[in-house]
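If you want the building blocks of each chain, they are given just below.
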Amino acid sequence: MLNFVARRIAAGALLLLVLSFLTYLLLSIADVDVGRQLLGQSADQAAVDAKNASLGLDRPVLAQYADWLAHAVRGDLGTSWFTSEDVGEAVAGRLPVTVSLMLGVTLVTTVVSFLLGVWAGVRRGAVDRFVQILGVVGYALPGFLVTLVIVLVFAVRLGWFPAIGYTAFTQSPGGWLSTITLPVLSLSVASVAGVSQQVRGAVIDVLRQDYVRTLRARGLPASRIVFRHVLRNASAPALSVLGMQFVGLLGGAVLVEQIFGLPGIGSMTVTYTTRGDIPVIMALVMLSVAGVVLINLLVDILIGWLDPKARAA
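Engineer: How should the overall build of the chain be read in this particular structure?
Structural biologist: Regarding its fold elements, the chain presents 13 helices and zero strands. Its C-alpha atoms give the chain principal-axis dimensions of roughly 85 × 55 × 35 Å. Taking contacts inside the chain between residues at least 6 apart in sequence as the whole, the part at least 24 apart equals 73%. For the chain, the accessible area works out to roughly 16800 Å², and carbon and sulfur atoms hold 66% of it.

Engineer: Looking at this structure, I do not really get empty space enclosed by the protein. What am I missing?
Structural biologist: Any space left empty among the atoms is revealed by the rolling of a water-sized probe across them. Evaluation of the coordinates by the stated rule reveals one cavity of 30 Å³ or more. Considering only enclosed or pocket space, the largest cavity measures out at about 30 Å³ in volume. What lines the largest cavity is simply V105, T106, T109, S191, L242, Q245, F246 and L249. Ranked by residue count, the leading element in the lining of the largest cavity is helix α10 (residues 222-260), at four residues. For the lining of the largest cavity, the per-class residue count stands at four nonpolar, four polar and no charged.

Engineer: Looking at this model, I keep getting lost on the layout of surface pockets. Mind explaining?
Structural biologist: One number sums up the size of the largest pocket: a volume of about 470 Å³. T98, L250, I265, L287 and S288 are the residues nearest the centre of the largest pocket, which is lined by 21 residues in total. When contributions to the lining of the largest pocket are tallied by element, the ones reaching two or more residues are α5 (87-123), α10, α11 (265-275) and α12 (278-306). Each residue belonging to the lining of the largest pocket can be placed in one class, and the counts come to 15 nonpolar, six polar and no charged.

Engineer: Whenever I open this one, the packing of α5 against helix α8 (residues 173-207) confuses me. Can you help?
Structural biologist: Two packed helices can be described by the angle between their axes and the distance between those axes. In the contact formed by α5 and α8, the axes pass within 5 Å of each other and the chain directions differ by 35 degrees. Here α5 runs over α8; the crossing is right-handed. Among the residues making up the contact of α5 with α8, the classes are represented as 21 nonpolar, nine polar and one charged.

Engineer: Whenever I open this one, the environment of V91 confuses me. Can you help?
Structural biologist: Considering the arrangement of structural elements, one finds V91 in helix α5. Sequence-wise, V91 and A283 are 192 residues apart; in three dimensions their C-alpha atoms are separated by 7.7 Å. In this structure, V91 is in contact with I265, M268, A283, L284 and L287, ignoring residues within four places of it in sequence.

Engineer: Please clarify how a negative patch on the surface should be interpreted in this entry.
Structural biologist: Negative charge collects at one region of the surface, where D76, E85, D86 and E89 lie side by side. Within the fold, D86 resides in the loop between α4 (61-72) and α5. Given the relative accessible area of 33%, D86 is considered partly exposed.

Engineer: Can you walk me through the environment of M102 in this structure?
Structural biologist: When you line up the elements, M102 lands in helix α5. Judged by its relative accessible area of 4%, M102 is buried. Setting aside residues up to four positions removed in sequence, M102 forms contacts with L187, F246, L249, L250 and A253.

Engineer: Looking at this structure, I do not really get the packing of aromatic side chains. What am I missing?
Structural biologist: Any pair of aromatic rings gets described here by the distance separating the centres and the angle formed by the planes. Counting across every chain of the model gives five aromatic pairs. Residues F21 and Y65 carry aromatic rings whose centres are separated by 5.2 Å and whose planes lie at 75 degrees to one another, so their mutual orientation is edge-to-face. In this pair, F21 sits in helix α1 (residues 2-29) while Y65 sits in helix α4, placing the two residues 44 residues apart along the sequence. Ring centres of F169 and W176 lie 5.2 Å apart, and the angle between their planes is 90 degrees; this geometry places the pair in the edge-to-face category. Since its relative accessible area comes to 48%, F169 is described here as partly exposed. On the basis of relative accessible area, W176 is assigned to the buried category, the value being 18%. Three or more aromatic residues joined by ring pairs make a cluster, and in this case those are F21, Y24, Y65 and W68.

Procedures and definitions
- Residues numbered from 1 in each chain as written.
- Predicted model: local features only at pLDDT ≥ 70, side-chain atom pairs only at ≥ 80, totals over all residues.
- Heavy atoms only, no water.
- Helix = DSSP H or I, 4+ residues; strand = E, 2+ residues; numbered from the N terminus.
- Contact = heavy atoms within 4.5 Å.
- Areas by Shrake-Rupley, 256 points an atom, 1.4 Å probe, with all protein chains shown as cover.
- 1 Å grid on protein atoms, 1.4 Å probe; cavity = no way out; pocket = protein on both sides within 12 Å on 5 of 7 lines; lining within 4 Å.
- Points joined across faces, edges and corners; volume = space filled by probe spheres on them.
- Nonpolar A, V, L, I, M, F, W, Y, C, P; charged D, E, K, R; others polar.
- Axes fitted to C-alpha atoms, helices over the stretch in contact; angles between N-to-C directions.
- Left-handed = near helix turned anticlockwise from the far one by under 90°.
- Patch = residues over 30% accessible without salt bridge, like charges linked within 9 Å, V, L, I, M, F, W, Y side chains within 5 Å.
- Salt bridge = Lys/Arg side-chain N within 4 Å of Asp/Glu carboxyl O.
- Lys, Arg positive; Asp, Glu negative; His and termini not counted.
- Charge placed at Lys NZ, Arg CZ, Asp CG, Glu CD.
- Buried < 20%, exposed > 50% of the residue type's maximum accessible area, 1.4 Å probe, protein only.
- Phe/Tyr/Trp six-rings, centres within 6.5 Å; stacked < 30°, edge-to-face > 60°.

Shown next, in the form of structure tokens:
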């Protein structure tokens, strides 16, 4: 297991190195005049060139990247070109918002998907068809449309939750819960639709195995067979899909945070990318890649714990 974890961390570090260089290269060749944006459109070209030179933008891209990487490995992510904030502190201030969103979506997706999937796989018939229809509809609906409907119903019409804004958990746990409920629901619809279908299929496959027939012949209660034996063996493929859904949520968070006015990583990415603020964008890329590697590693460890065959492999 330790060798496996070490290999995955090494692969993640290599992936981070490659993606960070490609990101820096693309940002450097993008048609964004940072000096002009900082000084304004009325500034003369000499002042703009001097500003770009002070930021090191007149140097070769490889030299700029090497300088950034040398500071990054020491934990120095630099300073924002536009706000003069320490990049590490700026990202850390936004991170709890997005983490709250991701954890909430993961919790809702896991609970609802497994309940629906097990229900459909065990009961079959009309229940199975109903869950499949829900899955198809939930997965086919555009994310922005689902979000708008949720806002109109629960925020505008019923007034149960605020339509925009965010309250930190440390300020008010109740306010925090009310401000992330609608964003979590809007992101959970497609995730539940995808994962529940995977759980359903896995449960049906496990129920057809010979050992399940043996357990039934011995007179074990159906609930014990399902929750102690079937669910454990059906969880591995569902966890793989759940991990991929979590990675996909990083992209969905951009839209949701913009709509609900959440000061998270998603909205921060949009704001600083349009400005061409390379230090901040590079920090966000590092954070995203590290999050993807960590989630995949945790999923693999859980699958190995649930499935002895996967652990042996």
